[in-house]
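Here is what each chain is made of, one letter per residue.
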Amino acid sequence: MEYYTMEAPLAERIRPKSLTDYISQSHLVGENGILTNQLKTGFIPSIIFWGPPGTGKTTLAEILAKDSERPFYVLSAINSGVKDIREVIDKAKNSTGLFTPRNPILFIDEIHRFSKSQQDSLLGAVERGWVTLIGATTENPSFEVIPALLSRCQVYTLNAFTKEDLLLLLERAMKVDSFLSKKDIKLTETEALFRISGGDGRKLLNTFELLVNSTTSNSVEITNDMVMANVQKNTVLYDKTGEQHYDIISAFIKSIRGSDPNGAVYWLARMIEGGEDLKFIARRLIIAASEDIGNANPTALIMANNAFQAVSVIGYPESRIILSQCAVYLATSPKSNSTYMAIGKAQQVVKQTGDLSIPIHLRNAPTKLMKELGYGEDYKYAHDYPNNFVVQEFLPDDLAGTVFYDPGYNSRENATREFLKTKWQFKYNY
């Protein structure tokens, strides 16, 4: 049995020890969850847990090690180097024996902070099965984990806690914590508490403990006014891992979408002064360039991608200039979401209609048999016709004539509309 004093934060004191105590992430730990089934079979692959702070990534790693009866080694990417990695791998190689036949679990917190060379040093151990790697990251592994390591791991996404999850966390804390269970706590209002937590379970519990300890009375009533009086005055201007992280990036993107360069640079400044990851901002600019500007100004995507590359090699404070240039350019560009809407419509149709048969004339015919079956027959090669164009259908028969792409109303896409009306009169007849 583990004993805690009041010096240990509430989130640590009530950390779940089994999947049955774990709240949220039912897609991973529910009755038919991925991790639940893996524990039943005894096979645990190397994993990258990707999700916001305070969603239980470390806890899941500890539970997996405990329930699978494996040695558990922990490294933090903040203060570990290649030497530390090699020492842990050597211990892991020597820990497998008669009584511990399964390979150890090596948990690396904030694995996105590891450099390429540090990540490279893990490859051999993971490849040979000396360790089962479990990494935790709040950043997109596609950008922050090297491809060779990523290909050897399963990526499991954790979601921010819902209001229902947060309420369950509070109820569990009041029930199982030896300190809180002795107090008479009434949850009259929780909106402000949930809003401040930003879906972060750890922040919720530690804020809740602060509120309970703000009075010497054994009876505590949690209200929105009490939360704001005790917490808001101590809240930092920008919490890059909490609610403001999402609210300010939302305000930033909406300013760009709304063609307001002043709003864009203001919210950019708020993020920069708050210590936000500059590459995170640059990635969002790339998305905005395609989603909100698109073919109204295709150069916007080139500008945003170049800004990301520049920010990746140029540090602060100069990167702020590059981000400002790109944000102002995107904000003052013509806007169109036509390609964003087009792929959304197409995906919805695919979900509704399934795998429709590919028309024979569009199929590839690399073999004699396929040619005999008519693959590619009647296909019209555009370059054999005047102006390199001939009318033919490129959609499955059941979708013939369907329009997914509707050009936006701006100078560039107006020309695109005229082009399509000329070529595809039966589809674009407006």
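Residues numbered from 1 in each chain as written. Predicted model: local features only at pLDDT ≥ 70, side-chain atom pairs only at ≥ 80, totals over all residues. Heavy atoms only, no water.

Engineer: Explanation requested: the environment of phenylalanine 49 in the structure shown.
Structural biologist: Residue position: phenylalanine 49 is located in strand 1 (residues 47-50). It is 14 Å that separates the C-alpha atoms of phenylalanine 49 and arginine 113, two residues lying 64 residues apart in sequence. Leave out the neighbours within four places in its chain, and phenylalanine 49 touches Leu35, Lys57, Leu60, Ala61, Leu64, Ile134, Gly135, Ala136, Thr137, Tyr156 and Leu158. (Helix = DSSP H or I, 4+ residues; strand = E, 2+ residues; numbered from the N terminus. Contact = heavy atoms within 4.5 Å.)

Engineer: Would you mind showing me how to read unusual backbone geometry here?
Structural biologist: In most cases, non-glycine residues show a negative phi, while peptide bonds are predominantly trans. Cis geometry is adopted by the peptide bond preceding proline 317, which originates at tyrosine 316 and carries an omega value of 15 degrees. Relative to the helices and strands, proline 317 is located in the loop between helix 16 (299-313) and helix 17 (319-331). Not every positive phi belongs to a glycine, and serine 24 is a case in point at roughly 80 degrees. Within the secondary structure layout, serine 24 lies in the loop between helix 1 (10-13) and helix 2 (26-29). Notably, asparagine 388 is not glycine yet its phi reads approximately 55 degrees, a positive angle. Counting through the fold element by element, asparagine 388 comes out in the loop between helix 19 (368-372) and helix 20 (411-423).

Engineer: Looking at this structure, how should I read the confidence of the model for the protein chain?
Structural biologist: Low-pLDDT portions of the prediction should not be read for the details of their coordinates. On average, residues of the protein chain carry a pLDDT of 87, and 93% of them reach 70 or more. Put simply, helix 19 is where the protein chain has its lowest mean pLDDT, 76, and helix 17 is where it has its highest, 96. Low pLDDT (under 50) marks residues 1-6, which in the prediction has 11 contacts with non-local residues, meaning those over four places away or in another chain. (pLDDT = per-residue confidence, 0-100.)

Engineer: How should a nonpolar patch on the surface be read in this particular structure?
Structural biologist: A contiguous nonpolar surface patch, about 320 Å² in accessible area, is contributed by Tyr379, Tyr381 and Phe394. Counting through the fold element by element, tyrosine 381 comes out in the loop between helix 19 and helix 20. (Patch = residues over 30% accessible without salt bridge, like charges linked within 9 Å, V, L, I, M, F, W, Y side chains within 5 Å. Areas by Shrake-Rupley, 256 points an atom, 1.4 Å probe, with all protein chains shown as cover. Salt bridge = Lys/Arg side-chain N within 4 Å of Asp/Glu carboxyl O.)

Engineer: What is the right way to read the packing of helix 15 (residues 278-293) against helix 16 from this model?
Structural biologist: Following both chains from N to C, one finds helix 15 and helix 16 inclined at 175 degrees, their axes separated by 8 Å at the closest point. Classified by the angle their axes make, helix 15 and helix 16 are roughly antiparallel. Counted together, Leu278, Lys279, Ala282, Arg283, Leu285, Ile286, Ala289, Ser290 and Ile293 of helix 15 and Ala300, Leu301, Ala304, Asn305, Phe308, Val311 and Ser312 of helix 16 form the full contact between these two elements. Its residues assigned to classes, the contact of helix 15 with helix 16 shows 11 nonpolar, 3 polar and 2 charged. (Axes fitted to C-alpha atoms, helices over the stretch in contact; angles between N-to-C directions. Parallel < 35°, antiparallel > 145°, perpendicular 65-115°, else oblique. Nonpolar A, V, L, I, M, F, W, Y, C, P; charged D, E, K, R; others polar.)

Engineer: Is there a simple way to explain the packing of helix 15 against helix 17 in this structure?
Structural biologist: A pair of packed helices is captured by two measures, namely the crossing angle of their axes and the spacing between those axes. Orientation of helix 15 relative to helix 17, taken along the N-to-C sense of each, is 15 degrees, at an axis distance of 11 Å. With respect to each other, helix 15 and helix 17 are oriented roughly parallel. Read as a crossing pair, helix 15 and helix 17 show a hand that is left-handed. When helix 15 is examined against helix 17, the residues Leu278, Ile281, Ala282, Leu285, Ala289 and Ile293 are found in contact with a partner set consisting of Ser319, Leu323, Cys326, Ala327 and Leu330. Class assignment of the residues belonging to the contact of helix 15 with helix 17 gives a composition of 10 nonpolar, 1 polar and no charged. (Left-handed = near helix turned anticlockwise from the far one by under 90°.)

Engineer: Can you walk me through the pattern of salt bridges in this structure?
Structural biologist: Between side chains of opposite charge, a pair can form as their charged atoms come close. Scanning the model with the defined rule gives 15 salt bridges in all. Salt-bridge contacts for glutamate 62 lead to arginine 15; the nearest nitrogen and oxygen are separated by 4.0 Å. In this pair, glutamate 62 sits in helix 4 (residues 57-67) while arginine 15 sits in the loop between helix 1 and helix 2, placing the two residues 47 residues apart along the sequence. With relative accessibility at 18%, the residue arginine 15 sits in the buried group. Notably, a salt bridge pairs glutamate 139 with arginine 283, separated by 3.1 Å at the nearest N-O pair. (Buried < 20%, exposed > 50% of the residue type's maximum accessible area, 1.4 Å probe, protein only.)

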